[in-house]
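A look at the structure
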Amino acid sequence: MQRPTDPSDHDLMSRCRHGDAVAFEEIVRRWEQPLGRMVGQLAGPGADVDDLCQEVFVRILRARERYRPSHSFSTWVYRIALNVARDNRRREIRRPKQSLDAQDQASSAQTPTDALSAHETAEIVDAAVRALPEILREPLVLKHFGKLSFAEVAETTGIPLGTVKSRVATALRELRSELNRRGVTGTE
Amino acid sequence: MRCQEVLENLTTLAYDELDATSAAACQQHLAQCESCQEEWSAIRATLGLLDLVPRRQTQVDLAAVCLRISREQRRAYSWKRWGLGLAAAAALLVCATAAQLLAINVEPGRLIVAWNAPAAGPAERVESPQGDSGAGQAAAPVGDTLKTPVGDAPAAAADTAVAAHVRSIGVVPNALVELLERDNLAAWRRRHRSLDGNGEDWRAQSDDVSTRPRGDTTIRADDADDAPPPPVSYSELRRHWLGGDAKANRRTSPEA
């Protein structure tokens, strides 16, 4: 958790651009969990999240000269993570889909609601999120797991704000429908 | 606020990003509308389920990240170095080619710059190094920047001897060989001027080319008999050129 006295992401990135390794370590410490979660949701089911997250930080370091403090750091970082996830999905499309089908069958088999533990429910929700179409999943994951504002999601994905809002709403409806089909109902 | 407007704003409201006025209006509508309230509950339930998705602990190997960047930078530097090396080699090649094609000769009163001149060594200029009159009639090759005058066969012979001697020593810079050859040639030119006709240099009397006797391209008997000076050692020539050695100067000069 960032304390008020801690340097901002902009300061760290500025120091990192001048070759400060400690600043980069601090950026990694701050962002590895949020980015890992987001990349994990956006990437395919068989993806190695640690490797992808590592790739994100390699790209951050590689692109440090192009970072502009006038832009939001989180938007910039999530944009990089989004590209990493998209690249990974493209690679996975070329691979055999065996693992994805197997996981889908496994999660479909667990239909009785009352028999589901919290862990199993979480697994089903996770699989349902991954099963969403890409154009719906990206805004939802950035909004919900990335904790970005709608405006930041729009900036990260490059789509209009109104479209982002409607896509998130549609994604939630699709998700609810899928979870209901699998016998998962949530409570407020 | 109507149901359609409320339904459009519910997701924004759930994420607490709706402005205060719209949020209040939505809440007021939800309190009265059962169907909208149902949708609102469903959205909040779905968001609750999303929160159940486990957070995986991500472990980034910082050393691996830095190692990759370091390797990339080293590779980029290596490519840059290779590129610079190749560019330098290409520049050298161009300079060498240009130097081969470009010949500059400084003669008293004129500077001759020739492009694409064929290499013309003393041996190529003179067919017979022994002052044969027939050899003296051989025309100078086209592009010969030294402009060997017809009838300078003994001088050319001396050039050949000196050049052969200097080359036989090896490890002699080509530029130095050239200078040595030219020096000998100039010396022989001076000598021939003084031996013309009655012992006077007709070229010294008048610069007008028309005054020169026609067909005066052969070597005279006294010239032909005049044997070229014996070759000097490379060390002597070098001292002469680099240190102004008087002895070497005497030995290479025609008055010696």
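Cut-off values and rules
Residues numbered from 1 in each chain as written. Chains lettered and ligands numbered in written order. Predicted model: local features only at pLDDT ≥ 70, side-chain atom pairs only at ≥ 80, totals over all residues. Helix = DSSP H or I, 4+ residues; strand = E, 2+ residues; numbered from the N terminus. Buried ≥ 20, exposed ≤ 12 C-beta atoms within 10 Å, placed from the backbone. Contact = placed C-beta atoms within 7 Å. Pairing = 2+ DSSP bridges. Axes fitted to C-alpha atoms, helices over the stretch in contact; angles between N-to-C directions. Parallel < 35°, antiparallel > 145°, perpendicular 65-115°, else oblique. Left-handed = near helix turned anticlockwise from the far one by under 90°. Nonpolar A, V, L, I, M, F, W, Y, C, P; charged D, E, K, R; others polar. pLDDT = per-residue confidence, 0-100. Core = buried A, V, L, I, M, F, W, Y, C linked by C-beta atoms within 7 Å.

Each helix and strand counted, chain A has 9 helices and 0 strands in total. For chain A, the N- to C-terminal ordering of α and β elements is α-α-α-α-α-α-α-α-α. Counting over 188 residues, chain A shows a buried share of 39%. Sequence-distant contacts in chain A: of pairs separated by 6 or more residues, those separated by 24 or more amount to 67%.

All names here are of chain B. Burial within strand 2 (residues 110–115) is sparse, with just 0 of its 6 residues counted as buried. Relative to strand 2, strand 1 (residues 102–107) is paired through 6 bridges, and the arrangement is antiparallel. If you follow Val106 over to strand 2, its bridge partner there is Leu111. Taken together, strand 1 and the strand that follows it, strand 2, pair antiparallel across an intervening segment of 2 residues, in which Gly109 is found at a positive phi of about 90°.

Moving on, we get to the packing of helix 4 (residues 73–94) of chain A against helix 8 (residues 150–157) of chain A. All names here are of chain A. In contact at an axis separation of 9 Å, helix 4 and helix 8 are set at 50° when each is read in the N-to-C sense. In this view, helix 4 runs oblique relative to helix 8, as classed from their interaxial angle. By crossing handedness, the relation of helix 4 to helix 8 is classed as right-handed. Contacts from Ser74, Thr75, Tyr78, Arg79 and Leu82 of helix 4 reach helix 8 at Glu152, Glu155 and Thr156. Here the contact of helix 4 with helix 8 is composed, by residue class, of 2 nonpolar, 3 polar and 3 charged.

We now examine the interface of chain B and chain A. Taken together, the contact between chain B and chain A spans 27 residues of the former and 36 residues of the latter. Elements with a minimum of two residues in the side of chain B that touches chain A: helix 1 (3–14), helix 3 (34–50) and helix 4 (62–101) of chain B. The element best represented in the side of chain B that touches chain A is helix 3 of chain B, accounting for 9 residues. Residues that form the side of chain B that touches chain A fall into these classes: 14 nonpolar, 7 polar and 6 charged.

A separate point is the confidence of the model for chain A. All names here are of chain A. For chain A, the mean per-residue pLDDT works out to 82, and 85% of the residues sit at or above 70. Confidence over residues 99–103 falls short of pLDDT 50; this stretch has 6 contacts with residues more than four positions distant or in other chains. Scored below 50 in pLDDT, residues 105–112 shows 10 contacts in the model against residues more than four places distant or in partner chains.

Turning to the nonpolar core, a few remarks are in order. In this structure, Met38(A), Val39(A), Val56(A), Ala81(A) and Val125(A) are the most contacted members of the largest nonpolar core, which totals 58 residues. Ignoring sequence-local partners within four residues, the contact set of Met38(A) consists of Tyr78(A), Ala81(A), Val141(A), Leu142(A), Phe145(A) and Gly146(A).

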